[in-house]
Amino acid sequence: MFRKSSVLGLSIGQAKEKRLQVRVEKQEKEQSELRRSRRAFAVLGVMVLLIFTIGALANWRSGNGPAASATTLAGQPAGMLLSPPPTLSATAPSKEYVYAGSALLATNEPFRQPPDDFAVWRPSSGTWYVLNAQQQWTAQQWGTNGDVPVPGDYDGDGKTDFSVFTPTNNTWYISYSSGGSTSVYFATGGDLVAPADYDGDGKTDIAVFRPSNGTWYIKRSSDGVLYSAQFGLSTGDTPASADYDGDGKADIAVWRDGAASFYVLKSSDGQIIGNSIGQSGDIPVVGDYDGDGIADYAVRRPSDDTWRIRNSSTGVIDSIAWGQSGDKLVQGDYDHDAKTDIAVWRPSNGVWYVRKSTTNALYAVQWGQLYDIPVPAPYRR
């Protein structure tokens, strides 16, 4: 009897000990899970804090808050403070160039044109200064005082070539980005240069509009053949070539100031179309502002510094005040979204004021100096 009770007592003791052990293991497991949860929350908190910090820095760099959201620009954007631009040397633009806005980002997407670089040509030295999307700059001497810069992708490698037209001898001088250079005699006195890709082969064609007889002369890069077409009037018309029909070829076109109208000879079907916008005295600023692959009719009025853009996708006319008297018009795709951005370059301080189509926010960059000629394009140097 004693032995049986001892055995029973031992079994009961063992059971209690086992239950206690299970309880201890359970508590240890719960504490372990709690510690893991705390570590996970801690890591998550650090990540949230890091993301918040990066976002705050990005907002600080971009200046996209209320102070930088100006949609009008007169002297300086309303509510936005720009540091005085540095004094530029006689031979090179200042490297202290960013005054507001975020850095441009370049991605090599096959379906999208590279972003335009900030660039100027300095007549006094014939030097090109290019600031690319990575905020690196390069300089190259090409041309002399009195030349007319005519940048374009003449070799079809996707990079803009340094090129000038010399009116004194009617010759084009081209420095290919792929290597080598050439000179082409093509024009007569009084011709207006109008380089563009008229045959759709991805290369810029040498071309001029001759006001004396209203005739266009184009040296097609695809086959070297000289093409001519009578289109335009001898007085009041200026070249306004662009792809208005979306076929991948530049159309012969003119802006007729007296009629405040664009006239286009469509490359797709040879039809002539016209479009009235603005008024006499306006300056043509054609570009693809809505990103549909078709050039939009657009003008800027010097008297009120307002851009008027007829969107080809909707037919709606946007009126946007941007710039001030004396600014040079430098519309282009600076934020790499396949849409033309409204932009001006101010010779008095060498600052580019870009209205980014992605956010409608201001991006301001100091690049160049007085008497430079702005020549924005995707140089990709």
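Bear in mind the structure is a predicted one, so any value in this text is a computation, not a measurement. Residues take numbers from 1 onward in each chain, read along the sequence in its written order. Confidence filtering applies because this is a predicted model: local features only for residues at pLDDT of at least 70, side-chain atom pairs given and counted only at 80 or more, and all residues used for totals across whole chains, interfaces and linings. Only hydrogens and water are set aside; all other atoms, that is, all heavy atoms of the structure, feed into the side-chain values.

A. Quick peek at the overall build of the protein. We count a stretch as a helix when DSSP gives it H or I for four or more residues in a row; a strand needs E for two or more, and each element gets its number in order from the N terminus. Along its length, the protein carries 1 helix and 27 strands. Three labels apply to residues, based on accessible area from a 1.4 Å probe with only protein chains included: buried if under 20% of the type maximum, exposed if over 50%, partly exposed otherwise in between. When the 381 residues of the protein are sorted by exposure, 43% land in the buried category. Note on contacts: a residue pair is in contact if any heavy atoms of the two residues lie within 4.5 Å. Taking the contacts inside the protein whose residues are at least 6 apart along the sequence as the reference set, 39% of them involve residues at least 24 apart.

B. Local environment of the sheet that holds strand E12 (residues 206-210). Two strands form a pair only when DSSP identifies at least two bridges running between them. Taken in spatial order, the 4 strands make up an open sheet running E11-E12-E13-E14, and their pairing is antiparallel. The open sheet terminates on both sides in strands that have one partner only, identified here as strand E11 (192-193) and strand E14 (226-230). As paired elements, strand E13 (residues 215-219) and E14 share 5 bridges and run antiparallel to each other. The residue bridging Thr215 from the neighbouring strand is Gln230, located in E14.

C. Representation of the sheet that holds strand E20 (residues 297-301) within the structure. If you walk across this open sheet you meet the 4 strands as E19-E20-E21-E22, and the pairing is antiparallel. Looking at which strands have only one partner, the edges of the open sheet turn out to be strand E19 (283-284) and strand E22 (317-321). In the sheet, E19 pairs with E20 via 2 bridges, with the strands oriented antiparallel. By the bridge assignment, Pro284 is partnered in E20 with Val299.

D. Up close: the pairing of strand E9 (residues 171-175). Burial analysis of E9 places 4 of its 5 residues in the buried class, which makes it a mostly covered element. Here strand E8 (residues 162-166) pairs with E9 via 5 bridges, running antiparallel. Bridging across to E9, Ser163 finds its partner in Ile174. Linkage of E8 to E9, two consecutive antiparallel strands, is achieved through a turn of 4 residues, within which Asn170 is found at a positive phi near 55 degrees. As judged from the 5 bridges shared by E9 and strand E10 (residues 181-185), these two strands associate in the antiparallel manner. Within E10, the position partnered with Thr171 by the bridge is Tyr185. A loop of 5 residues connects E9 with E10, the two strands running antiparallel in sequence, and Gly179 in this loop sits at a positive phi of about 120 degrees.

E. Structural view of the environment of Val225. Its location among the elements puts Val225 in the loop between E13 and E14. Sequence-distant contacts of Val225, that is, excluding residues within four places in its chain, are made with Ile218, Lys219 and Arg220.

F. Main features of the pattern of salt bridges. When a carboxyl oxygen of Asp or Glu is within 4 Å of a side-chain nitrogen of Lys or Arg, the pair counts as a salt bridge. Counted according to the given criterion, the structure contains 9 salt bridges. For Arg220, the salt bridge is made with Asp223, and the minimal N-O distance between the two is 2.8 Å. When the shortest N-O distance is used, the salt bridge between Asp305 and Arg300 registers 3.1 Å. Across this residue pair, the class does not change: Asp305 and Arg300 are buried.

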